[in-house]
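# Structural overview for review
Single-letter residue listing:
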Amino acid sequence: MRFTIRDDSSNVQNLDGIVVFIFDDMSTEGLNPSIKKKLLDIRSRNVFHGKSGEVYTTFINSGKFKTNPKTLFFSGLGKREDFGAEKIRLSSGMVTQKITYEGLSNIAVDLNSIIPSLNSQVLGQSITEGFLLSDYRFDRFKSSKKSEKDKNRINEVVVCVRSKFSNGVKKGITLGKIFSDGTNYARDLINIPSNEKRPPVLASMVRRMALREGLRCKILDEKQIKDLKMSAFLAVARGSSAPPRLVVIEYGDTKKTRPISFVGKGITFDTGGISVKPSSGMENMTTDMSGSAAVFGAMKSIAQLKPKVPVVGIGVLAENMLGGNATRPGDIVRSMKGTTIEIHNTDAEGRLVLADGLHYAKTKYKPQCMINLATLTGACMVALGTNLTGMYGTHDELIERVREQGDFAGDHVWHMPLHAEFGKMMKGKIADLCNISGVRWGGANSAAAFLQHFTVGTPWVHLDIAGPSHVSKRKEYKPAGGTGVGTRILTGLAKDWKRLNAQKGKAFGT
Ligand SMILES: [Zn+2]
């Protein structure tokens, strides 16, 4: 999909159609005369109300379009006072589906009616994201020919905007492409079936991406993981014939400046281990590496953005299977930190791999902050539903930065509690810690408290993405499958890190 900018929306003779965004007050301000006439007609017939996500498809054959009629899409934005990046992303995502359905490939998007309502760069970025994220498809396992698959794809989006705004919109389009590229890459990794992405295979796949993007990438194999004494991580991988991998990607000079760090849970398939899961819905466990996918996707975007802070992205990859060598409930392991852990439930494996992943990030890089993402607990979905990410953290400023990025990206997070009682629930009977609390209530909180033990001293945020990591049915700009949730949060954090520090006039955390 190509994006270009033009300043005149009536000069669209060689295109197939036009998109116009409309608020629910149905105002015609800023519209060119023939489009205005059409909207007034539709308004009088009461068939379109400008609600968020609503799209009305019609034809325009008056005024300048008389000789060459066009398909016209009115795309609703909802209330003017609620307007923001996510509203335009949702609306662009919906209209992308309609354009594809109509089989049109070259489209004008007329921004002149809404441009004064939002920063032009934000507008450019969110429209681009809406189109690119909505247009995503995962069809590499379909046998049909390439030409067949490319049918009904949008070729070109011509953004029409007055020239004084075009620079901002242009910058926004560039950002939107970069943010979408990382997110769609994360979606690809999540959607690949587990037999095609066992840890060593996934690690090589990611390394190829990293090298292509000019990043440094290190892969630690099972021997190196053993040498580092990461027995919590190893315990999860023991039941599988595929060995674990620790993937470490670096951007910028991590030796000269302390980096910011991201750590992702990467369980390429989760059977639950000996504490095996029920079979219904188990096929979705292919998405249990969504946390590491978001980290890898963000690193891809960061390589293109080139922010002024070094970043290290770590994926802790293992397959949680049953086998003769699998970890048993009741086993005790010693983590890289030296903490002993009783494993009472082998399905609570995400916290085990993250315990070692976080400790590795902390001791190896002394990062300014650590953010981990994980499809960690069903309890978080019980608490927050499937749309919200549960956020835990030990550092107010970091929490605030993550929340702002979440709101901007439309990947909304909800701040959850880390009270001392949850830490107490994770104490072991004969070892230091136990990997489950043994209490039915507050499971997402006690899991977070377990992770907290391995992050003490470093500003840290944990994002439990079990709910929003995938959708079974398409939503506005999220096709069914992995959503890549969190990718744009991490990318945005790296993008704004230096600027926010400068605004404060001192280094982060001081
Ligand atoms: Zn599990």
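Model, not experiment: these values are computed from the prediction. (Residues numbered from 1 in each chain as written. Predicted model: local features only at pLDDT ≥ 70, side-chain atom pairs only at ≥ 80, totals over all residues.)

Let us look at the overall build of the protein. Scanning the protein for helices and strands turns up 15 helices and 19 strands. When the 510 residues of the protein are sorted by exposure, 54% land in the buried category. Here the analysis covers contacts within the protein between residues at least 6 apart in sequence; of these, 81% occur between residues at least 24 apart. (Helix = DSSP H or I, 4+ residues; strand = E, 2+ residues; numbered from the N terminus. Buried ≥ 20, exposed ≤ 12 C-beta atoms within 10 Å, placed from the backbone. Contact = placed C-beta atoms within 7 Å.)

The subject of this paragraph is the pairing of strand S6 (residues 156-160). With four of five residues buried, S6 is to be regarded as a mostly interior element. Relative to S6, strand S1 (residues 2-6) runs parallel, the two sharing five bridges. Within S6, the residue paired with Thr4 across the bridge is Val158. Strand direction decides the pairing type here: strand S5 (residues 106-110) and S6, joined by five bridges, are parallel. (Pairing = 2+ DSSP bridges.)

Spatially, S1-S6-S5-S2-S4-S3 is the arrangement adopted by the six strands of the open sheet, whose pairing is mixed. With partners counted over all chains shown, the strands left at the sheet margins are S1 and strand S3 (55-60), one partner each. Taking the axes of each pair of neighbouring strands and ignoring which way they run, one obtains an average angle of 25° across the sheet. (Axes fitted to C-alpha atoms, helices over the stretch in contact; angles between N-to-C directions.)

Moving on, we come to the environment of Lys177. Its place among the elements puts Lys177 in helix H5 (residues 163-191). Lys177 sits in the partly exposed class, given 18 other C-beta atoms within 10 Å. For the pair Lys177 and Pro367, spaced 190 residues apart in the sequence, the C-alpha separation amounts to 28 Å. Excluding residues within four positions of it along the chain, Lys177 makes contact with Thr128 and Leu132.

Okay, the nonpolar core next. Residues Phe233, Val247, Val295, Met299, Ile314, Val316 and Leu490 are the most contacted members of the largest nonpolar core, which totals 101 residues. Leave out the neighbours within four places in its chain, and Leu490 touches Phe262, Ala294, Val295, Ala298 and Ile371. (Core = buried A, V, L, I, M, F, W, Y, C linked by C-beta atoms within 7 Å.)

Attention now moves to the sheet that holds strand S11 (residues 332-334). In spatial order, the strands read S11-S12-S16; together these three strands make up an open sheet with mixed pairing. In this open sheet, the two strands that pair with only one neighbour each are S11 and strand S16 (433-434).

Turning to the domain arrangement of the protein, a few remarks are in order. Here the domain parsing of the protein yields domain 1 (2-184) and domain 2 (192-327 + 349-417 + 459-502). Residue-level contacts link 19 residues of domain 1 with 16 residues of domain 2. Looking at the side of domain 1 that touches domain 2, the elements with two or more residues in it are helix H2 (85-102), helix H3 (120-134) and H5. (Domains from an automatic or database assignment.)

What follows deals with helix H12 (residues 396-409). Spanning 14 residues, H12 covers 20 Å between terminal C-alpha atoms, matching the ideal 20 Å at 1.5 Å per step. For H12, every residue scored as buried is listed here: Leu398, Arg401, Val402, Gln405, Gly406 and Ala409. Angularly, the buried residues of H12 cover 135° about the axis, an arc narrow enough to put them on a single face. Lining the buried residues of H12 we find strand S13 (369-374), strand S14 (389-393), strand S15 (413-415), strand S17 (460-464) and helix H15 (487-504). Taken from the residues just after H12, Gly410 is the one with a positive phi, measuring 80°. (Expected span 1.5 Å × (residues − 1). Arc of directions from axis to C-beta.)

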